[in-house]
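Examination of the molecular architecture
Residues per chain, in single letters:
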Amino acid sequence: MERDEGRERPVGSPEVGSPAAGVVHSLSQRHETLATVESLTGGLLAASIVEIAGVSGVYRGGLVVYATELKAELAGVPAELLDERGPVDPDVAAALAEGGRQRCGADWGLATTGVAGPEPQDGKPVGLVYVAVAGPDGGEVRQLDLDGGRDHVRSTAVTEALRLLAERIHDADAADADAADAPGAGSVAEAGTAGAGRR
């Protein structure tokens, strides 16, 4: 949407309208890495990340697992889960994110699965999308019910996946700050649970 009139966005300068730049900047500051696993977005998520200058220190790589069986074979989603629920499911999305994180050796995994259209799939309506993040302290799945055509569904899925990741990184930053401020905190690792609920 909002482009900055042709200027390249450096890793240290995230800009409004670029959620990818924001997460790349945040992960760079945290010295953490990211992997992606995509179904309906078919590489759009990875492409939005790698267009950010300086991303090589953050982005490990990704998988495009469009076919259902590849979600099991490449991303490690349990085949029984896929047989029982199909590929468009919140638990499948969570497994994709965690599988990408593990198989690419990254701190964070980010995944997309859903129905972009033009036809429903396995009884699931067009526009039903799940985006998922897996991180060092667990994961989260978000359901999206999107309107519009195929291109809009796919591009919005990318934006919302990046937004979910940004929120989880923000939460991790806040937890780290709370742990550092906790009385008697010898280290972030020791105090990680002590201050996790305080804001």
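Note: the structure precedes this text.
Residues numbered from 1 in each chain as written. Predicted model: local features only at pLDDT ≥ 70, side-chain atom pairs only at ≥ 80, totals over all residues. Heavy atoms only, no water.

1. Thoughts on the packing of helix α1 (residues 19-30) against helix α6 (residues 150-181)
- α6 packs onto α1 with a crossing angle of 30° between their chain directions and a minimal axis gap of 9 Å. Judged by the angle between their axes, α1 and α6 are roughly parallel. As α1 packs across α6, the resulting crossing turns out to be left-handed. Within the contact between the two elements, α1 uses Pro-19, Ala-20, Val-23, Ser-26, Leu-27 and Arg-30 and α6 uses Thr-159, Leu-162, Leu-165, Ala-166, Ile-169, Ala-172, Asp-173 and Asp-176.
- Partitioned by chemical class, the residues of the contact of α1 with α6 number 9 nonpolar, 2 polar and 3 charged. (Axes fitted to C-alpha atoms, helices over the stretch in contact; angles between N-to-C directions. Helix = DSSP H or I, 4+ residues; strand = E, 2+ residues; numbered from the N terminus. Parallel < 35°, antiparallel > 145°, perpendicular 65-115°, else oblique. Left-handed = near helix turned anticlockwise from the far one by under 90°. Contact = heavy atoms within 4.5 Å. Nonpolar A, V, L, I, M, F, W, Y, C, P; charged D, E, K, R; others polar.)

2. Concerning the pairing of strand β5 (residues 138-145)
- For strand β4 (residues 128-135) and β5, the ladder comprises 8 bridges, and the chain directions are antiparallel. Bridge pairing in β5 links Val-129 to Leu-144.
- Counted along the chain from β4 to the antiparallel partner β5, the turn is 2 residues long. (Pairing = 2+ DSSP bridges.)

3. Here's the deal with the sheet that holds strand β3 (residues 108-114)
- Overall, mixed pairing links the 5 strands, which are arranged β2-β1-β3-β4-β5 in an open sheet. For this open sheet the edge positions go to β2 (59-64) and β5, each flanked by a neighbour on one side alone. Across the sheet, the axes of successive neighbouring strands diverge by a mean angle of 15°, strand direction being ignored.
- Bridge count for β3 against β4 is 6 bridges, and the pairing is antiparallel. Across the sheet, Thr-113 pairs through a bridge with Tyr-130, a residue of β4.

4. Observations concerning the pattern of salt bridges
- One pass over the full model with this rule turns up 11 salt bridges.
- For Arg-30, the salt bridge identified is with Asp-173, shortest N-O distance 2.5 Å. Remark: Asp-173 occurs in helix α6 and Arg-30 occurs in helix α1; sequence separation between them is 143 residues.
- Judged by its relative accessible area of 35%, Asp-173 falls in the partly exposed class.
- Where Asp-176 meets Arg-30, a salt bridge forms, and the shortest distance between an N and an O atom there is 3.1 Å. (Salt bridge = Lys/Arg side-chain N within 4 Å of Asp/Glu carboxyl O. Buried < 20%, exposed > 50% of the residue type's maximum accessible area, 1.4 Å probe, protein only.)

5. So, the environment of Asp-147
- Relative to the assigned elements, Asp-147 resides in the loop between β5 and α6.
- Classification of Asp-147 as exposed rests on a relative accessible area of 65%.
- Considered as a pair, Asp-147 and Leu-128 are 19 residues apart in the sequence and their alpha carbons are 9.0 Å apart.
- Ignoring any residue separated from it by four or fewer positions in sequence, one finds Asp-147 in contact with His-152 and Val-153.

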